[in-house]
Amino acid sequence: MAKEKKDIGSSWEDLALPEYFPEPCTEERAEEEEEEDTEEAAKDSAVKCSPTLLRMLKAAESRWTPRDRDKAEPSKLGRKVSEAEALKTNMQIQLNDQQEEFNKLPTKTGPRPLSHSVSQLSADCFSSVGSVSSEDESPPQQKPQKTSKGLTDFCIKNIKQAAFGRKEIDIAQQGMPALMILRKRAGGEKPLAGAKVVGCTHITAQTAVLIETLAALGAQCRWAACNIFSTQNAVAAALAEGGISVFAWKGESEDDFLWCIDRCVAADSWEPNLILDDGGDLTQWIYKKYPSLFKKLKGIVEESVTGHLSSRCFCGCFRLYQLSKAGKLCVPAMNVNDSVTKQKFDNIYCCKESILDGLKRTTDVMFGGKQVVVCGYGEVGKGCCAALKGLGAVIYVTEVDPICALQACMDGIRVITLSEVIRHADMVITCTGNKDVVTREHFDRMRNGCIVCNMGHSNTEIDLASLRTTELKWHRVRPQVDHIIWPDGKRVVLLAEGRLLNLSCSTVPSFVLSVTAATQALALIELYNAPAGRYKQDVYLLPKKMDEYVASLHLPMFDAHVTELTDEQAQYLGISKHGPFKPNYYR
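Not measured: the values here are computed from a predicted model. (Residues numbered from 1 in each chain as written. Predicted model: local features only at pLDDT ≥ 70, side-chain atom pairs only at ≥ 80, totals over all residues. Heavy atoms only, no water.)

Engineer: Help me understand the nonpolar core, please; the structure alone is not making it clear to me.
Structural biologist: Among soluble globular proteins, nonpolar side chains are generally buried collectively. Ranked by size, the top nonpolar core spans 56 residues in total, and within it Leu179, Val197, Ile203 and Leu214 carry the most contacts. Elements represented by at least two residues in this core include exactly helix H7 (162–174), helix H8 (177–186), helix H9 (205–216), strand E2 (220–225), helix H10 (233–241), strand E4 (274–277), helix H21 (510–529) and helix H22 (544–554). With 10 residues, H21 is the largest single contributor of residues to this core. Apart from residues no more than four positions distant in its own chain, Ile203 is found in contact with Trp223, Ala224, Ala225, Ser230, Thr231, Gln232, Val235, Ala236, Leu239, Val246 and Ala248. Ranked by size, the runner-up nonpolar core spans 32 residues in total, among them Tyr377, Ala393, Ala408 and Cys431. (Core = buried A, V, L, I, M, F, W, Y, C linked by side-chain atoms within 4.5 Å. Buried < 20%, exposed > 50% of the residue type's maximum accessible area, 1.4 Å probe, protein only. Helix = DSSP H or I, 4+ residues; strand = E, 2+ residues; numbered from the N terminus. Contact = heavy atoms within 4.5 Å.)

Engineer: Explain the pairing of strand E5 (residues 299–302) here, please?
Structural biologist: In summary, the side chains of a regular strand alternate between the two faces of the sheet. Side chains Gly299 and Val301 project from E5 onto one buried face, and the interleaved Ile300 and Glu302 project onto a second face that is buried too. Alignment of E5 against strand E6 (residues 333–335), held across three bridges, turns out to be parallel. Among the inter-strand pairings, Ile300 is bridged to a residue of E6, identified as Ala333. (Pairing = 2+ DSSP bridges.)

Engineer: How should I be thinking about the pattern of salt bridges in this particular structure?
Structural biologist: For side chains bearing opposite charge, pairing can occur when the charged atoms are close. Scanning all chains against the criterion turns up 18 salt bridges. Residue Arg476 pairs with Glu497 through a salt bridge whose shortest N-O separation is 3.0 Å. Placement of Arg476 in strand E12 (residues 473–478) and of Glu497 in the loop between strand E14 (491–495) and helix H20 (501–505) is noted, with a sequence separation of 21 residues between them. Looking at Arg476, the relative accessible area reads 41%, which means it is partly exposed. Its salt-bridge partner being Arg499, residue Glu497 comes within 3.4 Å of it at the nearest N-O pair. Arg499 matches Glu497 in its accessibility class, with the two residues each being buried. (Salt bridge = Lys/Arg side-chain N within 4 Å of Asp/Glu carboxyl O.)

Engineer: Would you explain the sheet that holds E6 in this entry?
Structural biologist: Whenever strands of a sheet pair, they do so through backbone hydrogen bonds, lying parallel or antiparallel. Read across the open sheet, the seven strands follow the order E3-E2-E1-E4-E5-E6-E15; overall the sheet is parallel. The open sheet has two free edges, formed respectively by strand E3 (245–247) and strand E15 (539–541), since each of these has just one partner strand. Strand-to-strand twist of the sheet, defined as the mean angle between neighbouring strand axes without regard to direction, takes the value 20°. Relative to E2, strand E1 (residues 196–201) is paired through six bridges, and the arrangement is parallel. What sits directly across from Val198, in E2, is Arg222. Each of E1, E4 and E5 is contacted by helix H12 (residues 281–289), which is oriented at about 140° to E4, the strand it contacts most. (Axes fitted to C-alpha atoms, helices over the stretch in contact; angles between N-to-C directions.)

Purely geometric stuff here, so don't read any function into it on its own.
This is the structure we're talking about:
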């Protein structure tokens, strides 16, 4: 052992030279070795040939032409070499036969299914890798479509994607425990039996779980998309195959967007009595075009502050409050956007995780050292800033609210106006829900390569109309990625045409959307089953007890154990030991 260790550690000079050195490999020697190997292989093959192989050899030999026979010299080559050549010929024949058999195998059209880690839906949301869609590019309205059960009352991109969409919905269900519990607990009671819900939300795997939960609770549903870029086509196909009338596809035009909403509402012998809206576009469409139908509604559940069409109509929670103040809101409405479960979870954590995903997929940008301006330090802005700051970006915030501005300062973020910092910004992200936050004046002063995107629901935060002029050129470099080119060659990168970045260009976590979806479902159940007189023609917040119930449904996922108050403690605080633990004004 000691000797072995000594040998291992010895130097190259101590190693003994071998007694035999192989001859140099020359071209002649290589040919001789190859000929010897061929003769040995032929000899082995000749010895071990089966009767079937011999018949194959004879068949191969019979394929020789007379000209080949004349050229061959059996006296020199010998029988063994001939058999070797025949073997080589036969191997080629076998390969050709196998290729022909392979070509005869049935093949499926379209791309093969991908794993969930690089899902087709992710490619659907972001297809900038250069892949070309195999789908028919003709407008969905012009294509006859029918499900396997004969349903034709829907309009989507491709019903053949239903199987894949169903897999995505099944995966999303695993991360949405609250809706699964609602199905189990209330499925037998059918609290929404007789309800006719017309919805306008993002159509993703997560919202599909909500839609199917409403159906499981007894509701009839018809659905359209609230964003022209966020629809996941495979999920829409799965919903249609499941019997839901869906009118949505990714990449709708403005006219398509309104057509889909109208098809949801104007159905033969079907009138909705509940609205589930995200942005208010559906609500305003019914309010303007079908006023008699609007008055028959039992309630409206609204998720967002502003909507896709907010620049020219009453939309979102803010618009509902305006209608209520003017005395024109003739049905009760539930403001989900300002519920604690929406503000504290969806607006912060969903945006915190998805902002990076959307930016990486579209631009491949590195965040370290980048100077990023976040317009608005509400819950969405807080989530975006936290994510970007964690990767080393230098953050600036613009704010109109002194309270939010002070919060940003206390978080170590410089509060500044957009005009002051725009020349140095590498990235501008809007999160205000307002209009004309980034104007043409700001665009003209931006540095080359500046990235501009929006994380608010509305597409009005960025003034796109001022950019659609003859002097500026638009160049589409990837899906939802445009380079706007100035006459001097400066380029500004615009994402998703100013629409919601995370749902247009990436995906969002199922778990955090479970909180919002459960809140929406409970709001619909509350409005539909509320006794007459409980809710008047006004806008209401979700009762705090429901907020706490939604939160409690998600705690088992973390194996969390909540402490229970004693009777004395509850009496000391002046609350019930079972909640609610916060006053209704708590946000």
